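# A closer look at the structure
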Amino acid sequence: MTTIDFYKTLGVERSASAQEIQKAYRALARKWHPDINKAPEAEARFKEISEAYDALSDPDLRARYDAFGNDFRHVPDDVDPAAWAAQQAAGARGRRSPGGQPGDVFVDYGDLGGAGGATFEDLFGGMFGGSGGSRRGASVPRPGPDQEVEIELSVVEAYRGGKHKISLTGSGGQRRFTVNVPAGVTDGQRIRLAGQGAPGRGGGPAGDLYLSVRLRRGGPFRVDGRTISVDLPLTPWDAALGTTAVVETPDGEAKVRVPAGTSSGTTLRLKGKGMPNTNGPAGDLHAVTKIMVPKQLDDTERELFVQLAAASDFDPRRRS
């Protein structure tokens, strides 16, 4: 099984603070998001980054990852990290042969259990929820594997969060869940439902279910990380003279000041009006100006535009 180091994936030290982890994730997400980076490997790289951030941004998951490594999602909750480490070390030594390198140790399980020997479960079963002296051949509880499904949300749904109903169909039939989506989930973020994955074996706990969020495309809003962008239509006189305009946000309407002399394509920043963030400051909302002209002019409007054209020497195509 491939070993993945989440800290190396995000490019941070194992002692990194929550703020350092978040900063690293934001920088990498902006670089590798498939909507921005069209390289063939961008989507896979973005998923790796999101998986690493999902684990390391949650204090409980990070503690389990630090203790159990890549097995942290599969090791039962009641396993002692020290016992796990000892079992891993003993297992590694037991797999070495007498003809190995100097200092290698070979364990002959047949010499440890009297007549008939001892099984792996006899020696280490107590570390995994079984009785330390379980009988040979007894069923050892094993946790079920984790599962992952994709859910699609509109930008407004992701912004506001709240309860959402989902249905999953599998070999066990259809299952329905009511999921409490946190406000401000971003594209590619995963939501963990503990114990809702595949069932365990031998009485072991079920795995976890991960919901991978995808933001629905289309609509007035565009999202990059926690920054939301929306077009702000302006009349030519609004742009030339300046005004206070109403801009649409996922949380309703807001007002923004448009400076005099604003050109089309100018970004007006509304601080903290972007995606909410449970682990830090909210993102910003960018109102991108878009100057609109009437499709049809009445006689008065046409005359005024003619007068303006005659009076003004402004030429945006003239090189200065």
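What counts, and where the lines are drawn
Residues numbered from 1 in each chain as written. Predicted model: local features only at pLDDT ≥ 70, side-chain atom pairs only at ≥ 80, totals over all residues. Heavy atoms only, no water. Pairing = 2+ DSSP bridges. Helix = DSSP H or I, 4+ residues; strand = E, 2+ residues; numbered from the N terminus. Axes fitted to C-alpha atoms, helices over the stretch in contact; angles between N-to-C directions. Buried < 20%, exposed > 50% of the residue type's maximum accessible area, 1.4 Å probe, protein only. Core = buried A, V, L, I, M, F, W, Y, C linked by side-chain atoms within 4.5 Å. Contact = heavy atoms within 4.5 Å. Phe/Tyr/Trp six-rings, centres within 6.5 Å; stacked < 30°, edge-to-face > 60°. Lys NZ or Arg CZ within 6 Å of the ring centre and 35° of its normal. Salt bridge = Lys/Arg side-chain N within 4 Å of Asp/Glu carboxyl O. Parallel < 35°, antiparallel > 145°, perpendicular 65-115°, else oblique. Nonpolar A, V, L, I, M, F, W, Y, C, P; charged D, E, K, R; others polar. Left-handed = near helix turned anticlockwise from the far one by under 90°.

## Remarks on the sheet that holds strand 5 (residues 209–215)
With respect to topology, 3 strands assemble into an open sheet ordered 1-5-4, the strand pairing being mixed. Each edge of the sheet is formed by a strand with only one pairing partner; in this case those strands are strand 1 (147–153) and strand 4 (190–193). The average angle at which neighbouring strand axes cross in this sheet is 25°, direction not considered. Two strands pair when backbone bridges link them, and strand 1 and strand 5 are joined in this way by 7 bridges, in the parallel orientation.

## A look at the sheet that holds strand 11 (residues 285–291)
As summarised here, the arrangement of the 4 strands in space is 6-7-11-10, forming an open sheet in which the pairing is mixed. Edge positions in the sheet fall to strand 6 (222–224) and strand 10 (267–270), since each of these pairs with one other strand and no more. Across the sheet, the mean angle from the axis of one strand to that of its neighbour is 30°, orientation sign disregarded. Here 4 bridges tie strand 10 to strand 11, and the two strands are oriented antiparallel to one another.

## Brief notes about the environment of Asp-80
Following the sequence through the fold, Asp-80 ends up in the loop between helix 4 (59–68) and helix 5 (81–94). Here Asp-80 falls in the partly exposed class, since its relative accessible area comes to 42%.

## Notes on the nonpolar core
Generally speaking, soluble globular proteins have nonpolar side chains that are buried together. Counting 32 residues, the largest nonpolar core has Val-179, Leu-211, Leu-232 and Val-247 as the members making the most contacts within it. Core analysis: the second largest hydrophobic core is formed by 25 residues, Tyr-7, Ala-24, Ala-55 and Phe-72 among them.

## Some words on the environment of Asn-180
Within the secondary structure layout, Asn-180 lies in strand 3 (residues 173–181). If we ignore the near neighbours within four places in the chain, the residues touching Asn-180 are Gly-162 and Lys-163.

## Thoughts on the packing of aromatic side chains
Within this structure, the stated rule accounts for 5 aromatic pairs. On the numbers, 4.6 Å between centres and 20° between planes, the contact of Phe-6 with Tyr-65 is stacked. Of the two residues, Phe-6 is situated in helix 1 (residues 6–10) and Tyr-65 in helix 4; the sequence distance between them amounts to 59 residues. In this structure Tyr-65 comes out as buried when scored by relative accessible area, which is 4%. Among the aromatic residues, ring-to-ring pairing joins Phe-6, Tyr-7, Tyr-65 and Phe-72 into one connected group. One cation-aromatic arrangement involves Arg-190 over Tyr-210; the distance from NZ or CZ to the ring centre is 4.3 Å.

## So, the pattern of salt bridges
Per the stated rule, a full pass over the model turns up 11 salt bridges. Of the charged contacts in the structure, one is a salt bridge between Arg-192 and Asp-208, with a shortest N-O distance of 2.9 Å. One end of the pair, Arg-192, is in strand 4; the other, Asp-208, is in the loop between strand 4 and strand 5, and 16 residues separate them in sequence. Since its relative accessible area comes to 37%, Arg-192 is described here as partly exposed. Residue classification places Asp-208 among the buried positions, given a relative accessible area of 8%. Between Asp-284 and Arg-269 there is a salt bridge, and its shortest N-O distance comes to 2.7 Å. Placement of the pair is Asp-284 in the loop between strand 10 and strand 11 and Arg-269 in strand 10, with a sequence separation of 15 residues. Residue classification places Asp-284 among the buried positions, given a relative accessible area of 16%. Residue classification places Arg-269 among the exposed residues on the basis of a relative accessible area of 53%.

## Focus: the packing of helix 3 (residues 42–56) against helix 4
Put simply, helix 3 and helix 4 touch, their axes get as near as 6 Å, and they point 100° apart. In this view, helix 3 runs roughly perpendicular relative to helix 4, as classed from their interaxial angle. Counting all contacts with helix 3, which are made through Asp-54, Ala-55 and Leu-56, the residues of helix 4 involved are Leu-61, Arg-62 and Tyr-65. The residue makeup of the contact of helix 3 with helix 4, split by class, is 4 nonpolar, no polar and 2 charged.

## Some thoughts on the packing of helix 2 (residues 18–32) against helix 3
Packing of helix 2 against helix 3 brings their axes to within 10 Å, and their N-to-C directions diverge by 165°. Considering the angle they form, helix 2 stands roughly antiparallel to helix 3. The two elements helix 2 and helix 3 meet at a crossing, and its hand is left-handed. On helix 3, the residues that touch Ile-21, Gln-22, Tyr-25, Leu-28, Ala-29 and Trp-32 of helix 2 are Ala-42, Arg-45, Phe-46, Ile-49, Ser-50, Tyr-53 and Leu-56. Here the contact of helix 2 with helix 3 is built from residues that sort into 10 nonpolar, 2 polar and 1 charged.

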